[in-house]
Each structure stands twice: as C-alpha cells, then as structure tokens.
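# Reading the structure
Listed below, chain by chain, are the residues.
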Amino acid sequence: MGMVDLEKAPGAGSQAGPGEPVRRSDAEGCLAVAIRIPVRVVVLVLVVPVRVVWDALVVAGRFLRDAVLRPVGRALAWLGRAVFVWPLVGLWRYAVVPLAKGVGWLGHVLLVVPAVWLYRWVLTPVGQALARFFTRVGAVLAAAGRGLYAGLAWLGRYLAVVPAVWLYRWVLAPVGHALARCGRQVARGVGLVVTGVGFVLYWTFRVLLVLPALAVWRWVFAPVGRFLAVVGREMADALGHAWRVAGHLSRAVGRFLGTVLRWTVAEPARWVYRSVLTPVGHAVRDTVLRPLAEAGRGARRAAGQALASARLSVRQARADVRRLLFGGPAERQPVDRREPSAAEARTLGSSTTALTKD
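Keep in mind that this is a model prediction, so the values were computed, not measured.

### Some remarks on the overall build of the chain
Each helix and strand counted, the chain has three helices and zero strands in total. Secondary structure elements in the chain, listed N-terminal to C-terminal, are α-α-α. Relative to its full complement of 358 residues, the chain shows a buried share of 6%. Look at the contacts in the chain between residues 6 or more apart in sequence, and 77% of them connect residues 24 or more apart. With an accessible surface of roughly 30,300 Å², the chain has 72% of that area assigned to carbon and sulfur atoms.

### Focus: the pattern of salt bridges
Counting across every chain of the model gives seven salt bridges. One salt bridge in this structure joins arginine 70 and aspartate 66, with 3.5 Å as the shortest N-O distance. Here arginine 70 pairs with aspartate 66, and both are found in helix 2 (residues 30-326), just four residues apart, close to one helical turn. When its relative accessible area of 41% is taken as the criterion, aspartate 66 is described as partly exposed. Notably, a salt bridge pairs glutamate 267 with arginine 270, separated by 3.4 Å at the nearest N-O pair. With a gap of three residues between them, glutamate 267 and arginine 270 both fall in helix 2, about one helical turn apart. Of the residues examined, glutamate 267 reaches a relative accessible area of 23% and is grouped as partly exposed. Within this structure, Arg65, Asp66 and Arg70 form a network of salt bridges that share partners.

### A short note on the side chain of serine 250
Note on placement: serine 250 falls in helix 2. Among all residues touching serine 250, those that are not within four sequence positions of it are Arg51, Val52 and Asp55.

### Regarding the packing of aromatic side chains
This structure, assessed with the given rule, holds six aromatic pairs. Between tryptophan 78 and tryptophan 86 the ring centres are 6.3 Å apart and the planes differ by 90°, which places this aromatic pair in the edge-to-face class. Consider the rings of tryptophan 217 and phenylalanine 221, whose centres lie 6.3 Å apart with planes at 75°: the pair is edge-to-face. Of the two residues, tryptophan 217 and phenylalanine 221 are both situated in helix 2; the distance of four residues between them amounts to about one turn of the helix. What makes tryptophan 217 exposed here is its relative accessible area of 54%.

### Quick notes on the side chain of arginine 51
Following the sequence through the fold, arginine 51 ends up in helix 2. We classify arginine 51 as buried; its relative accessible area is 12%. Leave out the neighbours within four places in its chain, and arginine 51 touches Trp243, Ala246, Gly247, Ser250 and Arg251.

### Side note on the confidence of the model for the chain
In the predicted model, the chain carries a mean pLDDT of 81, and the fraction of residues at 70 or more is 82%. Within the chain, no element has a lower average pLDDT than helix 1 (residues 24-28), which sits at 46, and none a higher one than helix 2, at 87. Low pLDDT, under 50, characterises residues 1-27; the predicted model gives this stretch 18 contacts beyond four residues in sequence or across chains.

### A look at the environment of valine 43
Summarising the element assignment, valine 43 is placed in helix 2. As a C-alpha pair, valine 43 and alanine 236 span 193 residues in sequence and 9.7 Å in three-dimensional space. Ignoring sequence-local partners within four residues, the contact set of valine 43 consists of Ala238, Leu239 and Ala242.

The rules behind the values
- As a convention, each chain's residues are numbered from 1 in the sequence order in which they are written.
- For this predicted model, a pLDDT threshold of at least 70 governs which residues receive local features, and a threshold of 80 or more governs which side-chain atom pairs are given and counted, while totals over whole chains, interfaces and linings are taken from all residues.
- Values reported for side chains reflect all heavy atoms of the structure, with hydrogen atoms and water molecules removed beforehand.
- Helical segments are the DSSP runs of H or I of at least four residues, strand segments are the runs of E of at least two, and each set is numbered from the N terminus.
- For each residue, the accessible area found with a 1.4 Å probe, counting protein chains only, is set against the maximum for its type, and the residue is called buried under 20%, exposed over 50%, and partly exposed in between.
- Whether two residues are in contact is decided by their heavy atoms, any of which lying within 4.5 Å being enough.
- Using a 1.4 Å probe, the Shrake-Rupley method yields the accessible areas, and only the shown protein chains count as cover for residues.
- Each reported salt bridge corresponds to a side-chain nitrogen of Lys or Arg within 4 Å of a carboxyl oxygen of Asp or Glu.
- Pairing of aromatic rings covers Phe, Tyr and Trp, the last counted by its six-membered ring, and requires centre-to-centre distances within 6.5 Å; plane angles under 30 degrees mean stacked, over 60 mean edge-to-face, and any other angle means tilted.
- The predictor rates its confidence in each residue with pLDDT, a number between 0 and 100.

Given below as structure tokens:
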C-alpha cells in the first residue's frame, strides 16, 4: 500500500457535470482539508508505538501458544485420561455394569414376575367384573338423569326463559333505545367541546415550544453537528491510515529482526544439527541401536518358540491324560461309495418287492 496523497489533485475542485454524483472532496470544503493534515500527523505519531507493541505481543503470544501451551495441554490431557478416564471406564465396565445386570435380573425375578402374575390372574378379573357392574349401574343412572333433565328443562323454559324474553322485548329494548339516542347527542356535544379545546392547545404548544425548538435546531445544533461530524470523520480516517502505516513499519522491523535472528541463531543451529549431530546420531544408530534391536528381536523370537513348544507339550499331555481316563475316540467305519452292480440292483429290488407283499 502506498503512502497517502495529502495534497489536493489538480482539477479536484471542479464542479461535477450533470448526472454525475458529487464526490466527497467536493462536498467537504476547506474546513475538512484544513483539519485533515494536522490530525493525521498527530495520530500517526501516537499510533506507531502502539502498533509496534501490538505486533510484538502477537508474535510472542503465537510462540507461547505453539511452544508451551499446546505441549502442556496435550500432556495434561493424557494425564487426565490416565488418572480419571481410564479408571472410571474400567470401573464402569467391570464393576457397575455387571452389578447393574445382576440387580436388574433380581428385580425382574422378585418384582416383575409376581406383579405380572398378580395383574393377570387377580386384578384383571376383578377389574372386568367391576367394569360390568358399573356399566349397568351407569346405564340406569343415565336413564334417570335424562328423564330428570327433560323435566327440569321444561320447567326452566316456562318459568324463566319465556318471562325473560317478554321482559326484554317489551320493557328493556325500548328503554335501551331511548337511552342510546340520548347518549349519542351528549357524546356529540362533548366531542365539539373537546375539538375546540384541542385546537387551541395545539396552536399554543406549536407557537410556544415547537417553532422555537425548530429554530434552535436549524440555526444552532445542525451547524455544530455538521462541524463535529467532519472532525470525527477526519479523526477516524486518520486513525485508519496511521494504523496501516504503522503496520507497514512494524512488518519492516519484524522482517529485519527475523533476518538477524536467522543469521545469528537459526543458521548456526542448522549447521550444527546437519554437520555434527546428524552424523553422530547415524553412527550411534548403526553401532549401538541397531545391534540392540536385532538382539531384542532374536530374544523375542526365541521366547516365542519356547512358549509355542511348551504350549504344544501341554496340549499333548492333556490329550494323553484324556485318552487314559476316557479312552480314545471311536474309529469311523469307511463308507462304500461305489455304484451297485446290475446283479446287486436286481437282488435289492426283489428283496424290496418281497417285503412289500408281506
């Protein structure tokens, strides 16, 4: 990003043509231009140290996160699993689950099975008998209630409803209509009075309060607000430009420090690792670690062969003991799977016919 052009370009103050939008620089005037340059200089001087410190803190925080916090977090996570998770999983799998299954089976045998038997052979028959009894009693009571309701409905109709309808039609309705006409006339008069009073109060409030307040807003508050808006906008723009310029400066300083650290620390360390530690490590691997690994693999193969031979010996001894105690397995008789000849087929057919006749 290039530096900000603080000078006014030639022709920038020309009037916009017809149909073209008015630019911000054309609408600002000399006040904004006079405020912009000193504000941007002051803000740049104040923001550069803050941006440099901010970038340094960001770099330090990233290094701390990658080099310290992540390894410590992984170690703590593994330690938490080894100390809390794995013992709890073992306790749940090998203690709680079998105990819960045993308790569930015991509850099923001691509670569920007797409760099902009691429900099926005691409560169900008793409930069905009570249901039939209450059904018949309910039918009788429903018939009696329908008769009583019909009687009370007839009495209520001729003792209450008919007189009430006559009273409403010939007494209350005429009186209500007369009162409604009187109320409408009174409401019309009150509305005229309220309208006159409201008209007087409206013009009084407008002349005494609204017009003075409008004049104060138009000739005092609006110009001051426009001035403060210009000042605030210029300060915000200056802060943004200063922050970006400070970022460029901070990145340049960071690149310089990175180059210095690379040539003073990283490159010597890389040379030592590549030219000294790597050959030493290869020599240690070829002369010490590989022979030890070969010896370990040979010992493991020998131990595996010894275990296999011991397992085979134990299996043969167990088979010999079983043969001595229970005898050998029964020998299987061979089955003749050849096709029968023609003479054998005739003999077999005659034997089948004789057995059928018998």
